[in-house]
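# Geometric and topological summary
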Protein chains: 2
Amino acid sequence: MEELVISPVDHDPQGQVKQQQAAGVGILLQIMMLVLSFVLGHVLRRHRFHYLPEASGSLLIGLIVGVLANISDTETSIRTWFNFHEEFFFLFLLPPIIFQSGFSLQPKPFFSNFGAIVTFAIIGTFVASVVTGGLVYLGGSMYLMYKLPFVECLMFGALISATDPVTVLSIFQDVGTDVNLYALVFGESVLNDAMAISLYRTMSLVNRQSSSGEHFLMVVIRFLETFAGSMSAGVGVGFTSALLFKYAGLDTENLQNLECCLFVLFPYFSYMLAEGVGLSGIVSILFTGIVMKRYTFSNLSEASQSFVSSFFHLISSLAETFTFIYMGFDIAMEQHSWSHVGFILFSILFIGVARAVNVFGCAYLVNLFRQENQKIPMKHQKALWYSGLRGAMAFALALQSLHDLPEGHGQIIFTATTTIVVVTVLLIGGSTGKMLEALEVVGDDLDDSMSEGFEESDHRYVPPPFSIGASSDEDTSSSGSRFKMKLKEFHKTTTSFTALDKNFLTPFFTTNSGDGDGDGNGE
Amino acid sequence: MEELVISPVDHDPQGQVKQQQAAGVGILLQIMMLVLSFVLGHVLRRHRFHYLPEASGSLLIGLIVGVLANISDTETSIRTWFNFHEEFFFLFLLPPIIFQSGFSLQPKPFFSNFGAIVTFAIIGTFVASVVTGGLVYLGGSMYLMYKLPFVECLMFGALISATDPVTVLSIFQDVGTDVNLYALVFGESVLNDAMAISLYRTMSLVNRQSSSGEHFLMVVIRFLETFAGSMSAGVGVGFTSALLFKYAGLDTENLQNLECCLFVLFPYFSYMLAEGVGLSGIVSILFTGIVMKRYTFSNLSEASQSFVSSFFHLISSLAETFTFIYMGFDIAMEQHSWSHVGFILFSILFIGVARAVNVFGCAYLVNLFRQENQKIPMKHQKALWYSGLRGAMAFALALQSLHDLPEGHGQIIFTATTTIVVVTVLLIGGSTGKMLEALEVVGDDLDDSMSEGFEESDHRYVPPPFSIGASSDEDTSSSGSRFKMKLKEFHKTTTSFTALDKNFLTPFFTTNSGDGDGDGNGE
């Protein structure tokens, strides 16, 4: 239709058609990259090539296409479809990923190690943020690297302390490892995202207010408030859904679609409820996932059970893969400030140090309260230290820092973060398999014990019982025994969670009367 | 945190947090409305209350919440989450709905009536658009209503000729009706959307160019080009997917997720491919759906088959319900120009007349080429005429006309369209059940014959054989017999589609060697 030359008028339908066409091309490219990632990931996995896990592959595909698009000078109308929008990430990509984490969780190892996980995630992330921030500030003061103000150093420390669950866990699942190690790595990386966001936002407020110092306690209290509130919201939504499905009588043949529609909406409801009242959507949807898997799931009809499992698996796979592609593309497209290579190099060093302080420090703390045969072994600590790669969460927060901080500073932090993300995803992602082998924590016992129940395993250390940080009957370690005594009393006076679950929660919230484990078909 | 008063600086993290919170509240409200719609729809259906079908309910919920939000003066940051974006509708809500239409389609009744459907959709919609446009122009010239320029009248005619498949079909399914009537209503309403968009866009270009007249032929040619191109693209993508799944060997136990991920991406790929090269995504994805159901689907593993069926059903239910809520909300929020009530009233009259010309005219034409026992009976024609309610497509195009046309004119068209949408959805949607009863086309034979194969039905008129517009052996009608002869020759010389399908397509594209109908589990 070349005869249709449009004069540049105010309202331009041709332009609108063009715009929609550009959207089509943009989305088409994204779909093609997604398909390519899936196929590549499948081929590599089939050939047991662990040096390029799926996430690294997706990141590379995004990077390469991004560089090509940069060189070929693609139309901006198509490009806009590739810019990483933090809002899109936080509202649409993150929720399914985190929900699936909670939904596919094996509750026993997770809750057995709950004390350790919370210690790593809360105290550990806090320590890591402060250590990273402090070191970066010190480095700046000693003219080793570009000097940022102290609060901005802490913001950087907070955002770079968010570790990514996706890549490492997929390798862990592939090669198989100890359930307790898996639970630790998994739990820490999911929960510390929430901590990192919270810390980052609080620091960013402190930075606005420009009177720091006294606010340190406030940060901690605020985080704890947010965490407890979000967890309650998530658990509340989960239990509500369990009751709804128990009594609505939707588990009949022809109502499967309605049942699934409602089930699928609940997690998102939980996330948005928490975000809407200013809490953490991530924490909320994580606990909704755990509760819905444990209670709501068993109230569904059998067909719906298998459907929703596959559904969330599918959606989270798509979201995960897309996130890495999207990130790779955006890294190739955004402006970077490469004038401060020193900053980047020292940052990488410092986050290694900070993570060491976090992991080994917290492990020491946790081991103080554990029996001899329950202590976290050194090789697990090393594996945990090594697993701290940075992914989409750090990237999204760094992108936000571009808006939050004055020009140059935001740029430096963003460039450093993207470099760290690319380096850790490619290097750590590629070598995790080897690392697990070297540490001799490889084995196919993950899959076995996950499907059977991990208590029978006698060649590994025994996990602590199903209660937060409390030890069981015998006394072994000497230090911290007074605190331990208190915890033990607490443990004895309250009903243990397992009993509570079996006697009250399961009969009340589900249609099964007995115990009925029902978590054998996770994944 | 009331002590944190933020000064209005350039980069405002508090503002960003606020914005995300607003997004949370907005999406939360949407989810709640979705849940409410599903529950309401379920309750009404269970009590066989056909006066308020699900779509009408959703529209009403949207309208009511919209009016409440208007009265309560909700924050604009939350409101923005409810504005109907045409782009969002065309790129994300429409594709799953149309794909599911094609995917759940019973191919036999559809292809048996293909000639009639194409006649109604292409010639009929064209006629209806021109008649509506002409009447509106005439009405304007006779000072009955506001006078719009001729091309704008035709644009209005085009956009208001897009009928909506959702509501009527759900009632048809509920009460049960003749398969041929169902196929006619279904096929016409899906295909005429594509025709209406194409006509609207072409008219809108003509309007820009302001030299109309000679372009009438161009409109037709362009539409046919677009239609043929989009159909080929859709069929091509469908066949590609069939071959991929036939040879990739993904139908093993542990690859179900990969299989489903890829399957789910193809329809979207087809839509975006067509949009990206300037064709019609709707037509393309519709045919991809038909082809994927017939060929690709049978190459999947059994678990994936049941999963993807449920998946597309779920996604399209969500998209449909959301579209009506979204539309209702936006109708309540947008500015309307109520100064031209005459325009609205006469428009309603005119679209009734235009649809009568379309349906009865085309039915006469179709019946000319059909045998006595295959003719479309009058009561079916009446039912078809009555089923022409206007929905989201007309609404989205009217919203676009606000940008395309000068101020006042766009407003008038928009207000008229929204009124027509609300009136037809509520009135026609509410009375379709009664109408079907009155016309005596009710019966549970829809479900029966759909699952069995409709040829055995002897109490209804026999559908024409599996070929476009061609009659079978005997001669019956007198007029148009020369054209019929040609068609018959065409029909005889070419292999019939059924044989082609059985002997070549099915063995080539699927893993079954025999016929293997495999479309019994639609829906």
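Residues numbered from 1 in each chain as written. Chains lettered and ligands numbered in written order. Predicted model: local features only at pLDDT ≥ 70, side-chain atom pairs only at ≥ 80, totals over all residues. Heavy atoms only, no water.

## Concerning the overall build of chain A
- Check the secondary structure of chain A and you find 20 helices and 0 strands.
- Burial statistics for chain A: of 523 residues in total, 59% are counted as buried.
- Surface accessibility of chain A: about 20600 Å² in total, with carbon and sulfur atoms responsible for 63%. (Helix = DSSP H or I, 4+ residues; strand = E, 2+ residues; numbered from the N terminus. Buried < 20%, exposed > 50% of the residue type's maximum accessible area, 1.4 Å probe, protein only. Areas by Shrake-Rupley, 256 points an atom, 1.4 Å probe, with all protein chains shown as cover.)

## What to know about the environment of A:I282
All names here are of chain A.
- Among the secondary structure elements, I282 is positioned in helix α12 (residues 281–294).
- Overall, the relative accessible area of 3% leaves I282 in the buried class.
- Spatially, the C-alpha atoms of I282 and Q411 are 27 Å apart, while their sequence positions differ by 129 residues.
- Residue contacts for I282: discarding those within four places in its chain leaves L94, I98, D193, I197, Y271 and M393. (Contact = heavy atoms within 4.5 Å.)

## Quick notes on the relation of the copies chain B and chain A
- The transform that puts chain B on chain A rotates by 180° and translates by 0.0 Å along the axis, for an RMSD of 0.0 Å. This pairing of chains is accounted for by a two-fold axis. No C-alpha of chain B lies nearer the rotation axis than that of B:F307, which sits 3.0 Å from it. (Least-squares fit on C-alpha atoms with pLDDT ≥ 70 in both.)

## So, the packing of helix α14 (residues 341–368) of chain B against helix α15 (residues 378–386) of chain B
Residues and elements named next belong to chain B.
- Where α14 contacts α15, the axes come no closer than 9 Å and their chain directions differ by 145°. The handedness of the crossing between α14 and α15 comes out as right-handed. Of α15, the residues touching α14 (which contributes G352, R355, A356, V359, F360, A363 and N367) are M378, Q381, K382, L384 and W385.
- Among the residues forming the contact of α14 with α15, the class breakdown is 7 nonpolar, 3 polar and 2 charged. (Axes fitted to C-alpha atoms, helices over the stretch in contact; angles between N-to-C directions. Left-handed = near helix turned anticlockwise from the far one by under 90°. Nonpolar A, V, L, I, M, F, W, Y, C, P; charged D, E, K, R; others polar.)

## Here we look at the packing of helix α13 (residues 302–333) of chain A against helix α16 (residues 392–404) of chain A
All names here are of chain A.
- One way to put it is that α13 packs onto α16 with a least axis distance of 11 Å and a crossing angle of 40°. It follows that α13 is oblique to α16 by the angle criterion. For the pair α13 and α16, the sense of crossing is left-handed. Two secondary-structure elements touch here, α13 through T323, M327, D330 and I331 and α16 through A392, F395 and L399.
- Of the residues in the contact of α13 with α16, the class split is 5 nonpolar, 1 polar and 1 charged. (Parallel < 35°, antiparallel > 145°, perpendicular 65-115°, else oblique.)

## What about the confidence of the model for chain A?
All names here are of chain A.
- Summing up the model confidence of chain A, the mean pLDDT is 78 and the portion of residues at 70 or higher is 80%.
- Long-range and interchain partners of residues 489–495, a stretch whose pLDDT sits below 50, account for 4 contacts in this model, where long-range means more than four residues apart.
- Here the prediction assigns the complex a pTM of 0.81, and the interface score ipTM is 0.79. (pLDDT = per-residue confidence, 0-100.)

## Topic: the domain arrangement of chain A
All names here are of chain A.
- What the domain assignment reports for chain A is domain 1 (22–82) and domain 2 (86–439).
- Between the C-alpha centres of domain 1 and domain 2 the distance comes to 24 Å.
- Listed by partner, the interface residues are 26 residues for domain 1 and 24 residues for domain 2.
- For the pair domain 1 and domain 2, the summed buried area comes to about 2300 Å², and 76% of that belongs to carbon and sulfur atoms. (Domains from an automatic or database assignment. Buried area = accessible area lost by both parts, 1.4 Å probe.)

## As for the nonpolar core
- Core analysis: the largest hydrophobic core is formed by 276 residues, its most contacted members being A:F90, A:F120, A:M327, B:F90, B:F120 and B:M327.
- With residues near it in sequence (within four places) discarded, A:F120 still touches A:T125, A:L184, A:E188, A:N358, A:V359, A:C362, A:A363, A:I376 and A:L384. (Core = buried A, V, L, I, M, F, W, Y, C linked by side-chain atoms within 4.5 Å.)

## Side note on the interface of chain B and chain A
- Each partner contributes to the interface: chain B provides 71 residues, whereas chain A provides 70 residues.
- Carbon and sulfur atoms make up 72% of the surface buried where chain B meets chain A, a total of about 6400 Å² over both sides.
- For chain B, the biggest contributors to the area lost against chain A are B:Q20, B:R208 and B:L314; these three give 10% of the whole.
- Along the contact surface separating chain B from chain A lie 0 salt bridges.
- Put simply, chain B and chain A have 5 residue pairs in polar contact (both at pLDDT 80 or more) between them.
- Of all elements in the fold, only α1 (13–46), α4 (86–103), α9 (179–209), α10 (216–247), α11 (256–276), α13 (302–333) and α16 (392–404) of chain B reach the threshold of two or more residues within the side of chain B that touches chain A.
- Per element, the largest residue contribution to the side of chain B that touches chain A is 19 residues, and it comes from α1(B).
- In terms of residue class, the side of chain B that touches chain A is made up of 41 nonpolar, 20 polar and 10 charged. (Salt bridge = Lys/Arg side-chain N within 4 Å of Asp/Glu carboxyl O. Polar contact = N/O pair within 3.5 Å; in protein donor to acceptor, adjacent residues only side chain to side chain.)

## Things to note about the packing of aromatic side chains
All names here are of chain A.
- Applying the stated rule across the entire model yields 59 aromatic pairs over all chains.
- Between F156 and F343 the ring centres are 5.6 Å apart and the planes differ by 50°, which places this aromatic pair in the tilted class. One end of the pair, F156, is in helix α7 (residues 150–160); the other, F343, is in helix α14 (residues 341–368), with 187 residues separating them in the sequence. Here the two residues F156 and F343 agree in accessibility, since each one is buried. (Phe/Tyr/Trp six-rings, centres within 6.5 Å; stacked < 30°, edge-to-face > 60°.)

## Focus: helix α17 (residues 407–438) of chain B
Residue and element names in this part refer to chain B.
- An ideal rise of 1.5 Å per residue puts 46 Å on 32 residues; α17 measures up with 44 Å between its terminal C-alpha atoms.
- The largest bend in α17 comes to about 50°, at T432.
- Trailing α17 by a residue or two, E440 shows a phi angle of about 60°, which is positive. (Expected span 1.5 Å × (residues − 1). Bend = angle between axes of the 7 residues up to and from the residue.)

## Some points on the UniProt feature "transmembrane region" (unreviewed entry) in chain A
- Per the UniProt annotation, the sites labelled "transmembrane region" (unreviewed entry) are residues 22–44, 114–138, 221–248, 268–291, 311–329, 341–363, 383–402 and 408–429 of chain A.
- Between the C-alpha atoms that bound residues 408–429 of chain A the distance is 30 Å, and the span itself is 100% helix and 0% strand. (UniProt positions renumbered as here; feature names shortened; annotations may be inferred.)

## A closer look at the environment of B:L217
- Assignment of secondary structure puts B:L217 in helix α10.
- For B:L217 and B:L169, which are 48 residues apart along the polypeptide, the C-alpha to C-alpha distance reads 34 Å.

## Side note on the side chain of A:D164
Residue and element names in this part refer to chain A.
- In this structure, D164 sits in the loop between α7 and α8 (166–175).
- The buried charged residue D164 lacks any salt bridge partner; its closest oppositely charged side chain belongs to R390, at an N-O distance of 10.0 Å.
- Discounting chain neighbours no more than four positions away, the residues touching D164 are S189, F324, L389, R390, G391 and A392. (Lys, Arg positive; Asp, Glu negative; His and termini not counted.)

## Thoughts on the state of the cysteines
Residue and element names in this part refer to chain A.
- The tally for this structure, following the rule as stated, stands at 0 disulfides over all chains.
- No disulfide involves C260; its sulfur sits 7.3 Å from that of C261, the nearest cysteine.
- Overall, the relative accessible area of 3% leaves C260 in the buried class. (Disulfide = S-S within 2.5 Å.)

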